[in-house]
Amino acid sequence: MAVVAETTQERIVKELVRIGFSDMRRYAEVKNGVRFLPSADWTDDDAAAVSEVSETKTEAGGTVRLKLYDKLTALDKLAQHLGMYPK
């Protein structure tokens, strides 16, 4: 409940900025395959933009998935907040 009490317009805009300007290059390197960078190296802004991290293991191998929140939605909400759309 304390987090709700601390919610401000500035905090909401900050979270939207984190998502809207996130960059997959902060999480993975693509060179002859994909190598994820250590999560310990993520900034608070990087971590705030992550929607999901999951791993699936099978006998044949497995997959690791990293998903970020939707940038376009965050940017659209920021544009609305800044009055960038005509009335």
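Let me sum up the structure you'll find in this document. (Residues numbered from 1 in each chain as written. Predicted model: local features only at pLDDT ≥ 70, side-chain atom pairs only at ≥ 80, totals over all residues. Heavy atoms only, no water.)

Our next topic: helix α4 (residues 71-81). Listed in full, the buried residues belonging to α4 are A74, L78 and A79. Taken down its axis, α4 places every buried residue within 135 degrees of arc, on the same side. Where α4 is buried, its residues meet α2 (9-20). Measuring from the backbone nitrogen of L72 back to the side-chain oxygen at the start of α4 gives 3.2 Å, which picks out D70 as the cap. Immediately downstream of α4, the backbone of G83 shows phi near 70 degrees, a positive value. (Buried < 20%, exposed > 50% of the residue type's maximum accessible area, 1.4 Å probe, protein only. Helix = DSSP H or I, 4+ residues; strand = E, 2+ residues; numbered from the N terminus. Arc of directions from axis to C-beta. Contact = heavy atoms within 4.5 Å. Polar contact = N/O pair within 3.5 Å; in protein donor to acceptor, adjacent residues only side chain to side chain.)

Let us look at the nonpolar core. Core analysis: the biggest nonpolar cluster contains six residues, these being Y27, W42, A49, V50, L66 and L68. If sequence neighbours within four positions are ignored, V50 has contacts with Y27, W42, L66, K67, L68 and Y69. (Core = buried A, V, L, I, M, F, W, Y, C linked by side-chain atoms within 4.5 Å.)

Further remarks concern the pairing of strand β3 (residues 50-58). In terms of strand pairing, β3 meets strand β4 (residues 61-68) through eight bridges, oriented antiparallel. Among the inter-strand pairings, T58 is bridged to a residue of β4, identified as G61. Taking the residues that link successive antiparallel strands as the turn, the β3-β4 hairpin has two residues. (Pairing = 2+ DSSP bridges.)

At a closest axis distance of 8 Å, the pairing of α2 and α4 adopts a crossing angle of 140 degrees. Here α4 runs oblique to α2, going by the angle between their axes. Here α2 and α4 pass one another in a crossing that is left-handed. Here α2 contributes Q9, V13, L16, V17, I19 and G20 to the contact with α4, which in turn contributes K71, A74, L75, K77, L78 and H81. Of the residues belonging to the contact of α2 with α4, the class tally is seven nonpolar, three polar and two charged. (Axes fitted to C-alpha atoms, helices over the stretch in contact; angles between N-to-C directions. Parallel < 35°, antiparallel > 145°, perpendicular 65-115°, else oblique. Left-handed = near helix turned anticlockwise from the far one by under 90°. Nonpolar A, V, L, I, M, F, W, Y, C, P; charged D, E, K, R; others polar.)

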